[in-house]
Amino acid sequence: MGIRNVGIVGAGTMGSGIAQVCAAAGFRVTLLDVSAEAVSKGVETVSRNLERLVVKEKLAAGDKATILERVSPTTSNGDLAASDLVIEAATENETLKQRILRDIDAIVSPTAIIATNTSSISVTRLAAVTGRAPQFIGMHFFNPVPVMALVELIRGLQTSDETLATARGFVEALGKTAVVARNSPGFAVNRILCPMINEAIFALHEGLASAEEIDAGMMLGCNHPIGPLALADLIGLDTMLSVMEVFYDGFKDPKYRPAPLLKEMVDAGFLGRKSGRGFFNYA
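Residues numbered from 1 in each chain as written. Predicted model: local features only at pLDDT ≥ 70, side-chain atom pairs only at ≥ 80, totals over all residues. Heavy atoms only, no water.

1. A look at the overall build of the protein
Note the following rule: Going along the chain from the N terminus, every DSSP run of H or I of four or more residues is numbered as a helix, and every run of E of two or more is numbered as a strand. Note on classification: 1.4 Å probe, protein chains only; a residue is buried when its accessible area is under 20% of the maximum for its type, exposed when over 50%, partly exposed between these limits. By definition in these notes, contact holds between two residues if any of their heavy atoms fall within 4.5 Å. All accessible-area figures derive from a Shrake-Rupley calculation using a 1.4 Å probe, and residue coverage is judged against the displayed protein chains alone. In this count, Lys and Arg are taken as positive residues and Asp and Glu as negative ones, while His and the chain termini are left out. Charge positions are represented by NZ for Lys, CZ for Arg, CG for Asp and CD for Glu.
For the protein, the helix and strand inventory stands at 11 helices and 8 strands. Expressed as lengths along the three principal axes of its C-alpha atoms, the size of the protein is roughly 55 × 45 × 35 Å. For the protein, with 283 residues in total, the buried portion stands at 48%. Taking the intrachain contacts of the protein between residues at least 6 apart in sequence as the baseline, contacts between residues at least 24 apart amount to 66%. With the model as given, the accessible surface of the protein reaches about 13,100 Å², and the carbon-plus-sulfur share is 54%. Computing the positive centroid from 26 side-chain charges and the negative centroid from 30, the protein places the two 3 Å apart.

Right under this line is the structure:
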């Protein structure tokens, strides 16, 4: 099937980023969130990101206006009805995602594809709450979405070959590269990345080195563009904790246990960049 209209549920960091790249690629976008304030903030984020490109002379001012015109903000689920593809980009909470996916399933056309932007939750399990499991797929974008070139496509047990092919074509239309992963906790990229970050937090907790030294060591010694602790702050420590808990529960292997310091940071409300403080101070 051809995709022209894209619905995005969740106007936060990921949802607004996905909306931006979809609109920039020529798709009509319906951006949905629970409140007018939340969806307005999402559109403002898109506008601000595009303005940076205009300032850097990477985008014409007229093109910015055209891209923004393709984004229709809403708080009404019914406005998703015309979508050929709906991408759920809510927070990494399975119960919340299941509720949202049921709502989407009841609204959109029987031929529409539903995708989840989950970074760790079972795509097979999420697909099962809809009435269109063959037309359900994991579509994992990476943060910041407008910059990162990768989208991980995750097949649930029920995902059809046609849905996978359509999703791959859509990702390529966005100018991004798709890699396909089997449904397993963390899929491919986060299965490798998040335990590495978690181990860096263990190292900090045990006093092996300071946060600055750990990040400098990985950047200079392993040629990483950003240190693991700064990356955790960028991802959000609450999201990191949720992912590690999914790993620990899914694999029943102690090597995936969340670092105690990670739990304590989340308990304290030190969530990284979004709260102004994580392993580093952003205030």
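The structure having been displayed, the exposition proceeds.
2. Focus on the packing of helix H7 (residues 189-205) against helix H9 (residues 228-235)
As a reminder of what qualifies: In this description, a line fitted to the C-alpha atoms serves as the axis of each element, helices being fitted only across the stretch in contact, and the angle between N-to-C directions of two axes falls anywhere from 0 to 180 degrees. Put simply, a crossing is left-handed when the front helix is turned counterclockwise from the back one by less than a right angle, and right-handed when it is turned clockwise. Any residue that is not Ala, Val, Leu, Ile, Met, Phe, Trp, Tyr, Cys, Pro, Asp, Glu, Lys or Arg is counted as polar, Gly included; the first ten are nonpolar and the last four charged.
Running from amino to carboxyl end, H7 crosses H9 at an angle of 115°, the nearest separation of the two axes being 9 Å. Taken as a pair, H7 and H9 cross one another with a handedness that is left-handed. For the pair H7 and H9, contact is made by Leu193, Met196, Ile197, Ala200, Ile201 and Leu204 and by Pro228, Leu229, Leu231, Ala232 and Ile235, respectively. Looking at side-chain class alone, the contact of H7 with H9 contains 11 nonpolar, no polar and no charged residues.

3. Here we look at the side chain of Gln20
Positionally, Gln20 belongs in helix H1 (residues 13-24). According to the relative accessible area criterion, Gln20 is buried, its value standing at 5%.

4. Examining the UniProt feature "domain: 3-hydroxyacyl-CoA dehydrogenase NAD binding" (unreviewed entry) in the protein
Using the following cut-off: UniProt positions are given in the numbering used here, feature names are shortened, and annotations may be inferred rather than shown by experiment.
Under the feature "domain: 3-hydroxyacyl-CoA dehydrogenase NAD binding" (unreviewed entry), the UniProt entry names residues 5-183. The distance from the first to the last C-alpha atom of residues 5-183 is 27 Å, and the span holds 41% helix and 22% strand.

5. A closer look at unusual backbone geometry
The linkage connecting Asn143 with the following residue, Pro144, adopts the cis geometry, with an omega of 0°. Along the chain, the position of Pro144 falls in the loop between strand E6 (136-141) and strand E7 (150-155). Although it is not a glycine, Glu57 adopts a positive phi angle of roughly 60°. Looking at where Glu57 falls in the secondary structure, it is placed in the loop between helix H2 (36-55) and helix H3 (61-69). Of note, the phi angle at Phe187 is positive, near 60°, even though the residue is not glycine.

6. Examining the packing of aromatic side chains
Filter applied, for reference: Aromatic rings from Phe, Tyr and Trp, with only the six-membered ring used for Trp, were paired whenever their centres fell within 6.5 Å, and each pair was classed as stacked if the ring planes differed by under 30 degrees, edge-to-face if by over 60, and tilted otherwise.
All told, the structure shown has 4 aromatic pairs when counted by the stated rule. Seen in terms of ring centroids, Phe247 and Tyr256 are 5.6 Å apart; in terms of plane orientation they differ by 80°. Their pairing is edge-to-face. Cluster of aromatic residues (ring-pair linked, three or more members): Phe247, Phe251 and Tyr256.

7. Examining the nonpolar core
What counts is decided by this rule: Buried residues of nine kinds, namely Ala, Val, Leu, Ile, Met, Phe, Trp, Tyr and Cys, make up a nonpolar core once their side-chain atoms join them within 4.5 Å.
Val6, Leu85, Ile87, Met139, Phe141, Leu153 and Phe170 are the most contacted members of the largest nonpolar core, which has 37 residues in total. With 6 residues, H1 is the largest single contributor of residues to this core. Those residues in contact with Leu85 that lie beyond four places of it in its chain are Ile3, Asn5, Val6, Gly7, Ile113, Ala115, Met139 and Phe170.

8. Quick notes on the side chain of Lys97
Tracing the backbone shows Lys97 in helix H4 (residues 94-107). Classification of Lys97 by relative accessible area gives buried; the value is 0%. Setting aside residues up to four positions removed in sequence, Lys97 forms contacts with Glu88, Ala90, Thr91, Glu92, Thr116, Thr118, Ile121 and Leu126.

9. Observations concerning the UniProt feature "domain: 3-hydroxyacyl-CoA dehydrogenase C-terminal" (unreviewed entry) in the protein
Using the residue numbers shown here, the UniProt feature "domain: 3-hydroxyacyl-CoA dehydrogenase C-terminal" (unreviewed entry) corresponds to residues 186-282. Taken end to end, residues 186-282 is 62% helix and 0% strand, and its first and last C-alpha atoms sit 28 Å apart.

10. A look at the packing of H2 against H3
Our working definition: These descriptions rest on fixed angle ranges, namely under 35 degrees for roughly parallel, over 145 for roughly antiparallel, 65 to 115 for roughly perpendicular, and the rest for oblique.
Interaxial distance between H2 and H3 falls to 10 Å at its minimum, and their mutual angle equals 160°. One finds that H2 runs roughly antiparallel with respect to H3. Every pair of crossing elements has a handedness; the one defined by H2 and H3 is right-handed. From H2, Val43, Val46, Ser47, Leu50, Glu51 and Val54 reach across to H3, where they touch Ala61, Lys64, Ile67 and Leu68. In terms of residue class, the contact of H2 with H3 is made up of 7 nonpolar, 1 polar and 2 charged.

11. A few points about the sheet that holds E6
The test is simple: Two strands qualify as a pair provided that DSSP identifies no fewer than 2 bridges between them.
As summarised here, the arrangement of the 8 strands in space is E3-E2-E1-E4-E5-E6-E7-E8, forming an open sheet in which the pairing is mixed. Only two strands of the sheet have a single partner each, and these edge strands are strand E3 (71-74) and strand E8 (177-182). Averaged over all pairs of adjacent strands, the angle between strand axes in this sheet comes to 25°, irrespective of strand direction. Of the pairings in the sheet, the one linking E6 to E7 comprises 4 bridges and is antiparallel in character. Within E7, the position partnered with His140 by the bridge is Glu152. Along the sheet face, H1 touches strand E1 (5-9), strand E2 (28-32), E3, strand E4 (85-88) and E6 and points at about 165° away from the line of E2.

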